[in-house]
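Architecture at a glance
Next come the chains, spelled out residue by residue.
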Amino acid sequence: DLQSCMLFLEKHLYNGEISWGTFQYMVSDVQYGGKITDSLDVRLFRTYTKEWLTERTCEEGYAYNPATPILKIPNDFQYTVPAFTEHGDFRK
């Protein structure tokens, strides 16, 4: 599933501008979402894709952590999108 999503995104990255709505649909309703059977889980997963699979998540310095966390995150953990351009660099 992850590989399918990555291949789909990679194909669209190299063929012009990404249709984020199409990408969100493919992930939330086809590649992953098609396996979710509970209606509330489907709604939750669609919400995740609409929030996290957007153009802004590819911007330099984007962080998934909110500016003001609801709960303290241990060790001030902060996930940011790496600046790597090659998948192999990410795995190192």
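Conventions and cut-offs
Residues numbered from 1 in each chain as written. Predicted model: local features only at pLDDT ≥ 70, side-chain atom pairs only at ≥ 80, totals over all residues. Heavy atoms only, no water. Core = buried A, V, L, I, M, F, W, Y, C linked by side-chain atoms within 4.5 Å. Buried < 20%, exposed > 50% of the residue type's maximum accessible area, 1.4 Å probe, protein only. Helix = DSSP H or I, 4+ residues; strand = E, 2+ residues; numbered from the N terminus. Contact = heavy atoms within 4.5 Å. Axes fitted to C-alpha atoms, helices over the stretch in contact; angles between N-to-C directions. Parallel < 35°, antiparallel > 145°, perpendicular 65-115°, else oblique. Left-handed = near helix turned anticlockwise from the far one by under 90°. Nonpolar A, V, L, I, M, F, W, Y, C, P; charged D, E, K, R; others polar. pLDDT = per-residue confidence, 0-100. Patch = residues over 30% accessible without salt bridge, like charges linked within 9 Å, V, L, I, M, F, W, Y side chains within 5 Å. Areas by Shrake-Rupley, 256 points an atom, 1.4 Å probe, with all protein chains shown as cover. Salt bridge = Lys/Arg side-chain N within 4 Å of Asp/Glu carboxyl O.

**Thoughts on the nonpolar core**
In summary, soluble globular proteins display a tendency toward joint burial of nonpolar side chains. Cys5, Phe8, Ile18, Trp20, Phe23, Met26 and Val27 together form the largest nonpolar core, which totals seven residues. Residue assignment for this core shows that the elements contributing at least two residues are helix 1 (2-13) and helix 2 (20-31). Residue contacts for Val27: discarding those within four places in its chain leaves Cys5, Tyr32, Gly33, Phe45, Thr49 and Leu53.

**Overview of the environment of Tyr14**
Take Tyr14: it is sitting in the loop between helix 1 and helix 2. Each C-alpha atom, one on Tyr14 and one on Asp41, is 32 Å from the other, the two residues being 27 residues apart in sequence.

**Looking at the packing of helix 1 against helix 2**
Close contact between helix 1 and helix 2 brings their axes to 11 Å; oriented N to C, the two are set at 160 degrees. By the angle between their axes, helix 1 is roughly antiparallel relative to helix 2. In this structure, helix 1 meets helix 2 at a crossing whose hand is right-handed. Across from Ser4, Cys5, Phe8 and Leu9 in helix 1, the residues of helix 2 making contact are Thr22, Phe23, Met26, Val27 and Gln31. For the contact of helix 1 with helix 2, the residue count by class is six nonpolar, three polar and no charged.

**Quick notes on the packing of helix 2 against helix 3 (residues 39-52)**
Interhelical geometry of helix 2 versus helix 3 gives an angle of 155 degrees and a closest axis separation of 9 Å. The angle between helix 2 and helix 3 places the two elements in the roughly antiparallel class. Crossing of helix 2 against helix 3: the hand is right-handed. Between helix 2 and helix 3, the residues in contact are Gln24, Val27, Ser28 and Asp29 and Phe45, Arg46, Thr49 and Lys50, respectively.

**A closer look at the confidence of the model for the protein chain**
With 98% of its residues at a pLDDT of 70 or more, the protein chain has an overall mean of 80. Within the protein chain, helix 3 carries the highest mean pLDDT (89), whereas helix 4 (residues 87-91) carries the lowest (75).

**Some points on a nonpolar patch on the surface**
Nonpolar side chains collect at one region of the surface, where Leu44, Tyr48, Trp52, Tyr64, Phe77, Tyr79, Val81, Phe84 and Phe90 lie side by side and expose about 860 Å² of accessible area between them. Here Trp52 lies in helix 3.

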